[in-house]
2 protein chains.
Amino acid sequence: MGGRSRMWLYCVACIILGWISLNIADGEELKKQKLSWSRYAAAEAEAVASIDCSGHGRAYLDGLIVDGKPVCECNTCYGGSDCSNFQHDCSADANSGDPTFLEPFWMEHAGRSAVVVSGWHRMSYSFPDQSYISQQLENHIRTLHSIAKNAITEGKYIVYGTGSTQLLTAAVFALSINRSSPAPVVAKPPYYPVYRSQTDYFETARFRFDNTFLVTNTSDEVIEFVASPNNPDGNLRKSVFEGPNVKTIYDHAYYWPHFSAIPAPADEDLMIFTLSKITGHAGSRFGWAIVRDRTVYENMLNYISFAELGTSRETQLRTLQLLRTIIRGKNDGKEIFNFAYNSMRQRWDKLNQILSSSNRFQIQEIPYQFCSFFDQIRGPSPAYAWVKCVREEDSNCTAVLDAAKIIGREGRLFGSDDHYVRLSLIRRQDDFDLLLRRLTHLLLTE
Amino acid sequence: MGGRSRMWLYCVACIILGWISLNIADGEELKKQKLSWSRYAAAEAEAVASIDCSGHGRAYLDGLIVDGKPVCECNTCYGGSDCSNFQHDCSADANSGDPTFLEPFWMEHAGRSAVVVSGWHRMSYSFPDQSYISQQLENHIRTLHSIAKNAITEGKYIVYGTGSTQLLTAAVFALSINRSSPAPVVAKPPYYPVYRSQTDYFETARFRFDNTFLVTNTSDEVIEFVASPNNPDGNLRKSVFEGPNVKTIYDHAYYWPHFSAIPAPADEDLMIFTLSKITGHAGSRFGWAIVRDRTVYENMLNYISFAELGTSRETQLRTLQLLRTIIRGKNDGKEIFNFAYNSMRQRWDKLNQILSSSNRFQIQEIPYQFCSFFDQIRGPSPAYAWVKCVREEDSNCTAVLDAAKIIGREGRLFGSDDHYVRLSLIRRQDDFDLLLRRLTHLLLTE
């Protein structure tokens, strides 16, 4: 067969395959399909989803059952059987980093983001390649990063963990294998409290959390945690320590276009990401590490294996479905970033507007920066406000806010002092609205 | 209102509620319901499930895509695009404890065991009670134990882990909190290898795996792992150590009516169970501990919290659905135990029949015992055969079997010697059939 006819054959095959996959992607055929065994589960899920909780709560398939159906679980400060009662005395919860501001995105994309788990789905310990890692999901993670332009994944390995939380320790174990004396683990304040609490909890003969090295700067063999953007203050960071024996764990949980400018794709040796802060699914407990060195990668896989023989197959399947929804979404997969950026940016502006009139409270400054995702200079949209009570006598800023019915997280926990409080801006709209209301009231009564 | 009229009112209310919940339970209303957002996911799942893999493989929603649809993933020793090619030279895999013998049960109960995960299902870090633990699921776990008659849960706490694997370490951490010198962790051979490998891996200043204490028996402060029934040999066990300061971790992974007689419900201080060995879902990574002491319980919750902030919500939801299917099943929820017991019993009988003619190989003896679940004396149906090569010169029994194309797990790993091999009997029928064929051939050629 000549080159030209072969090319024609390829072309025709391409068109046919393209048509088939387009149909599958668009679900035209699926829409017509008559359902059998999945029907009951689908109807049950829709019945639960249709339970009216007044927009201030939600019923879940695994919620408590009263009178034969799951009850509404109300948002903070709402009560009643349909969550319609606002509790006027209730404190605004700005404590945890529950990323539920993304819930409306998934409600809007209900049809594509749902997934059916059959009773026999992936019962085995391992995938066909004997790993605990879905190859399909890994491909989607790589595509996601290329859309967000926030990390270079080419030539690097990927490890899954039960949340990025687990991967933080997995990284410390992996980077301290074969040591005879404990590697000092450090994190420059203010730092995400888990770096310290988790390292303390799991301390072995091979590593120890020890921030005295930040002062003396004497060791060239530290393991440094670097959150960039930083939790709590949202600023991009670089490691304090450098040198051939320094190991750096880059926690990029918030390095997505909605929380930060993306000056360039990150290209570090060990980077950790979490589903929680890109899709908002904190409850799924799913994170991944992108690792350059093969030995470190294998050591991290070993950790996961010893700790729990891999991450849940249900979680991997659902994560895949969520990433598929993002990647196949509008604007070449950029829709979720636009949605999330607009939400976060508006919240930051509103908070700024209120606090700008205050001499008592300050929030962090985040510079305008060029963002390669949006291809322009953009303002801040951080996940948290890092609030400082500027008066000397307000030495417990958390208590000051608490008295005004605002719950934040103490600065001390972040290795800072209690003139500081972290306020979460990524919770449900109900929480954020109440936070603004309580803040406005506090400033008016000053 | 008089007592009699009130009673009538209660009765009528009861009948109405009963009718409603019966209808919901039976899904009559759900069956009629017109579907909207869940339709696509349901159709997609059914399309994948209908892919023909000749009964020797399966296609999954998250499988690799070729020509627009997921490919068949073939059982061991089968190949080809539809898994119809048996690979004649292939070794029988009796190595891992993949509990896939239960797959047919879930295929048969497809309609009730499927579950739809909506895009917005439980995005938060925690349940409304601020825990990481589904209360509904906990209730179902307690009911399951009362059906199986294998554990007393009343007055005890329940902790979830990412597989029982994670709970083993969580227990060791919880039982060694506040110690100044390392608690010796022990396990009487033959023992499940993870007890040692995991304890070694996570070793801290508070505990250390050290079986020398089994010989000297000098410490009254050991932490002892007891698997009952034992992995690998299937025999019921009690702890070696006793005393007020001894802590025992009972691994009851296999204490279900299909693997063992249940002489009485277990009532130990700390018992660990895993979804893997009751429903067969090893890939889900879900286990639970039943704990008597409140402080130990809280210490275990702490471990889970430090390690990974709770277990996956998808996994908890799916586990709930599987347990619901069991509990609402035929014979007051006993159907799965009957199914699984019959499978395991038949396999054991067949294996025995083949090996009884051999002077070269012996398998463990398990006594006939009264089983309170079946309410009668019953024979053995263990998860593994613990094979001994009796000839002195067969000092590497794994190699002997390997030469006959049978893959087992080395006795050495279990703290025993290599005259022993563990053969898994809980894998797919294809694996078991091939195991029998290879064994028969081996014995014929002796």
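Calculation rules
The residue numbers shown here count from 1 along each chain, following its written sequence. Lettering for chains starts from A, numbering for ligands starts from 1, and both go in the order in which the items are written. In keeping with the model being predicted, local features are shown solely for residues with a pLDDT of at least 70 and side-chain atom pairs are shown and tallied solely at 80 or more, while totals for entire chains, interfaces and linings include all residues. Water and hydrogen atoms were dropped before computing side-chain values, which therefore reflect all heavy atoms in the structure. Criterion used throughout: strands pair if DSSP finds at least two bridges between them. Secondary structure elements follow DSSP: runs of H or I no shorter than four residues count as helices, runs of E no shorter than two count as strands, and numbering proceeds from the N terminus. Throughout, a residue-residue contact means that at least one pair of heavy atoms, one from each residue, lies within 4.5 Å. Think of each axis as a best-fit line through the C-alpha atoms, taken over the contacting stretch in the case of a helix, with angles from 0 to 180 degrees between the N-to-C directions. Like charges within 9 Å and nonpolar side chains (Val, Leu, Ile, Met, Phe, Trp, Tyr) within 5 Å are joined into patches, using only residues over 30% in relative accessible area that form no salt bridge. Only the protein chains shown count as cover for residues, and all accessible areas are computed by the Shrake-Rupley method using a 1.4 Å probe. Salt-bridge detection follows one rule: a side-chain nitrogen of Lys or Arg within 4 Å of a carboxyl oxygen of Asp or Glu. Buried area: the accessible surface (1.4 Å probe) lost by two parts on joining, summed over both. Each polar contact in these results corresponds to two N or O atoms within 3.5 Å; when the atoms are within protein, one needs to be able to donate a hydrogen and the other to accept it, and residues that are neighboring in sequence are counted only if both atoms are side-chain atoms. Each residue gets one of three labels, nonpolar for Ala, Val, Leu, Ile, Met, Phe, Trp, Tyr, Cys and Pro, charged for Asp, Glu, Lys and Arg, and polar for the others, Gly among them. Working definition of a nonpolar core: buried Ala, Val, Leu, Ile, Met, Phe, Trp, Tyr and Cys residues. They are joined through side-chain atoms within 4.5 Å. Remark: exposure states derive from per-residue accessible area (1.4 Å probe, protein chains only) relative to the maximum for the residue type, with buried under 20%, exposed over 50%, and partly exposed in between. For the least-squares superposition of copies, only C-alpha atoms count, and only for residues with pLDDT at least 70 in both. Cysteine sulfur atoms are paired as a disulfide whenever they fall within 2.5 Å.

Student: So what's going on with the sheet that holds strand 16 (residues 361-363) of chain A? Residues and values would help.
Tutor: Residues and elements named next belong to chain A. The antiparallel open sheet is built from four strands, whose spatial order is 16-19-22-21. Here the strands that pair on one side only, and so sit at the sheet edges, are strand 16 and strand 21 (409-410). When strand 21 meets strand 22 (residues 420-424), the two strands line up antiparallel, connected through two bridges. Bridge pairing in strand 22 links Glu410 to Val421. Of the strands in this sheet, strand 16 and strand 19 (384-389) are in contact with helix 13 (residues 335-355), which crosses strand 16 at around 150°.

Student: Any details on a nonpolar patch on the surface? Residues and values, ideally.
Tutor: A contiguous nonpolar surface patch, about 360 Å² in accessible area, is contributed by Tyr368, Phe370 and Ile377 of chain A. Along the chain, Phe370 of chain A falls in strand 17 (residues 369-371).

Student: With reference to specific residues and values, describe the interface of chain B and chain A.
Tutor: Between chain B and chain A, the residue contacts involve 101 residues of the former and 102 residues of the latter. Across the interface of chain B and chain A, roughly 9,300 Å² is buried in total on both sides, 59% from carbon and sulfur atoms. Taken together, chain B and chain A are joined by six salt bridges. Across the pair Asp62 of chain B and Arg122 of chain A runs a salt bridge, and its minimum N-O distance is 2.8 Å. Put simply, chain B and chain A have 52 residue pairs in polar contact (both at pLDDT 80 or more) between them. With ten residues, helix 3 (residues 39-49) of chain B is the largest single contributor of residues to the side of chain B that touches chain A. Residue composition of the side of chain B that touches chain A, by class: 42 nonpolar, 36 polar and 23 charged.

Student: Explain the nonpolar core to me, using residue names and the numbers behind them.
Tutor: In this structure, Trp288 and Phe361 of chain A together with Trp288 and Phe361 of chain B are the most contacted members of the largest nonpolar core, which totals 192 residues. Residues Val159, Leu175 and Val291 of chain A together with Val291 of chain B belong to the second largest nonpolar core, which totals 68 residues.

Student: Requested: an account of the relation of the copies chain B and chain A, with residues and values cited.
Tutor: For these two chain copies, the linking operation is a rotation about an axis paired with a shift along it. Superposing chain B onto chain A takes a rotation of 180° plus a shift of 0.0 Å along the axis, which leaves an RMSD of 0.0 Å. Here the transformation between the copies is reduced to the relation of a two-fold axis.

Student: Could you give me a rundown of the pairing of strand 14 (residues 270-274) of chain A, with the residues and numbers involved?
Tutor: Residues and elements named next belong to chain A. Of all five residues in strand 14, five are buried, a share of seventy percent or more. Burial along strand 14 is two-sided: the face carrying Leu270, Ile272 and Thr274 and the face carrying Met271 and Phe273 are both buried. With two bridges connecting them, strand 13 (residues 247-251) and strand 14 associate as parallel partners. Among the inter-strand pairings, Tyr250 is bridged to a residue of strand 14, identified as Met271. As paired elements, strand 14 and strand 15 (residues 287-291) share five bridges and run antiparallel to each other. The residue of strand 15 that forms the bridge with Ile272 is Ala289.

Student: Describe the state of the cysteines, listing the residues and the values that go with them.
Tutor: Residue and element names in this part refer to chain B. For the structure on display, the rule yields eight disulfides over all chains. Two residues, Cys53 and Cys72, share a disulfide whose sulfurs are 2.1 Å apart. Taking the torsion about the sulfur-sulfur bond, which here is approximately -90°, the covalent link between Cys53 and Cys72 counts as left-handed. Separated by 19 residues along the polypeptide, Cys53 in the loop between helix 3 and strand 1 (57-58) and Cys72 in the loop between strand 3 (69-70) and strand 4 (73-74) bring together distant segments of the chain. The class of Cys53 is buried, set by a relative accessible area of 4%. Take Cys72: its relative accessible area is 13%, and that puts it in the buried class. Through a disulfide, Cys74 is tied to Cys83; the S-S separation comes to 2.1 Å.

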